[in-house]
Amino acid sequence: MGLAPHTDTSLITIVQSKTSGLQVFKEGVGWILVQPIPGALIVNVGDFLHILSNGEFTTVRHRVVVTQIQRFSAAHFYAPPGDVIVSPLMSKDFGEVPRYRSVSVKEYVETKGKHFEKALSLIKK
Ligand SMILES: O=C(O)CCC(=O)C(=O)O
Ligand SMILES: [Fe+2]
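Residues numbered from 1 in each chain as written. Chains lettered and ligands numbered in written order. Predicted model: local features only at pLDDT ≥ 70, side-chain atom pairs only at ≥ 80, totals over all residues. Heavy atoms only, no water.

- The name an unreviewed UniProt entry gives the chain is Gibberellin 3-beta-dioxygenase 1-like, with Prunus yedoensis var. nudiflora as the organism.

1. Topic: the overall build of the chain
Consideration 1: Counting secondary structure elements, the chain contains 3 helices and 9 strands.
Consideration 2: Across the 125 residues of the chain, 34% fall into the buried class.
Consideration 3: When contacts within the chain are restricted to residue pairs at least 6 apart in sequence, those whose partners lie at least 24 apart make up 71%.
Consideration 4: Across the chain, the 14 positively charged side chains and the 10 negatively charged ones have centroids separated by 5 Å. (Helix = DSSP H or I, 4+ residues; strand = E, 2+ residues; numbered from the N terminus. Buried < 20%, exposed > 50% of the residue type's maximum accessible area, 1.4 Å probe, protein only. Contact = heavy atoms within 4.5 Å. Lys, Arg positive; Asp, Glu negative; His and termini not counted. Charge placed at Lys NZ, Arg CZ, Asp CG, Glu CD.)

2. What to know about the nonpolar core
Consideration 1: Of all hydrophobic cores here, the largest spans 10 residues; its members are F48, I51, V86, Y100, V103, V105, Y108, A119, L120 and I123.
Consideration 2: Contributing elements (two or more residues each) for this core: helix 1 (47-52), helix 2 (105-115) and helix 3 (119-122).
Consideration 3: Apart from the residues lying within four places of it in its own chain, the contact partners of V86 are F48, I51, L52, R101, S102, V103 and V105. (Core = buried A, V, L, I, M, F, W, Y, C linked by side-chain atoms within 4.5 Å.)

3. Here's the deal with the site of ligand 1
Consideration 1: Surrounding ligand 1, one finds L3, H6, D8, V15, L22, H62, V64, R71, S73, A75 and F77.
Consideration 2: Between H6 and ligand 1, the recorded distance is 3.0 Å, taken from a side-chain N or O atom to an oxygen atom.
Consideration 3: If ligand 1 stood free it would expose 290 Å²; the protein chains cover 88% of that surface.
Consideration 4: Mapped onto the shell around ligand 1, the elements with two or more residues apiece are strand 1 (3-6), strand 6 (62-64) and strand 7 (73-78).
Consideration 5: Of the residues forming the shell around ligand 1, the biggest block, 3 residues, is contributed by strand 7.
Consideration 6: Across the shell around ligand 1, the residue classes break down as 6 nonpolar, 3 polar and 2 charged. (Near = heavy atom within 4 Å. Polar contact = N/O pair within 3.5 Å; in protein donor to acceptor, adjacent residues only side chain to side chain. Areas by Shrake-Rupley, 256 points an atom, 1.4 Å probe, with all protein chains shown as cover. Nonpolar A, V, L, I, M, F, W, Y, C, P; charged D, E, K, R; others polar.)

4. Side note on the sheet that holds strand 7
Consideration 1: Within the open sheet, the 3 strands sit side by side as 5-2-7. Their pairing is antiparallel. Each end of this open sheet is capped by a strand with a single partner; those strands are strand 5 (42-45) and strand 7. When strand polarity is set aside, the average angle formed by the axes of neighbouring strands in this sheet is 20°.
Consideration 2: Pairing analysis gives 4 bridges linking strand 2 (residues 12-17) to strand 5, with the strands arranged antiparallel. Paired with V15 across the strands is I42, a residue of strand 5. (Pairing = 2+ DSSP bridges. Axes fitted to C-alpha atoms, helices over the stretch in contact; angles between N-to-C directions.)

5. Thoughts on the coordination of the iron ion (ligand 2)
Consideration 1: Within the protein, H6 (NE2), D8 (OD) and H62 (NE2) serve as the donor atoms for the iron ion (ligand 2), at 2.1 to 2.2 Å.
Consideration 2: Each donor residue of the iron ion (ligand 2) lies on the same chain, and together they follow the pattern H-x1-D-x53-H. (Donors = N, O, S within 2.8 Å, 3.2 Å for Na, K, Ca; no water.)

6. Brief notes about the pattern of salt bridges
Consideration 1: The tally for this structure, following the rule as stated, stands at 4 salt bridges.
Consideration 2: With a closest N to O distance of 2.8 Å, D47 and K112 form a salt bridge. Separated by 65 residues along the polypeptide, D47 in helix 1 and K112 in helix 2 bring together distant segments of the chain.
Consideration 3: With a relative accessible area of 1%, D47 lands in the buried category.
Consideration 4: With a shortest N-O distance of 2.7 Å, R101 and E107 are connected by a salt bridge.
Consideration 5: Assessed through its relative accessible area of 32%, R101 is described here as partly exposed.
Consideration 6: Overall, E107 belongs to the partly exposed group, its relative accessible area being 31%. (Salt bridge = Lys/Arg side-chain N within 4 Å of Asp/Glu carboxyl O.)

Here it is as structure tokens:
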């Protein structure tokens, strides 16, 4: 089974996999294969960390392309509970002007369900 290009609706996602197939999209480069390293975990930045960091930590667009018959992976999604409000942090590092409006986890998950890839741009200020 493969997975279509998407970003995760999480703060971070931790992926365990011994088999290759995961690819991440890098602007100006294209799709890059993430080679599994024995014993290592893959940590992906999700949409909520993107919002929280005011876009400093970019949510990672990724997909899974399967070439072998069997591929095993376990993805662990870490996200705050639905009633938590996620707002961009304001500081010298993250910027003085919020690029996103505050949004509850529940509202963002619903927006993502309806509008998929457009969800982040829909909460842009
Ligand atoms: O299986 C993988 O390597 C990644 C899975 C994934 O991206 C997801 O479940 O959202
Ligand atoms: Fe994912």
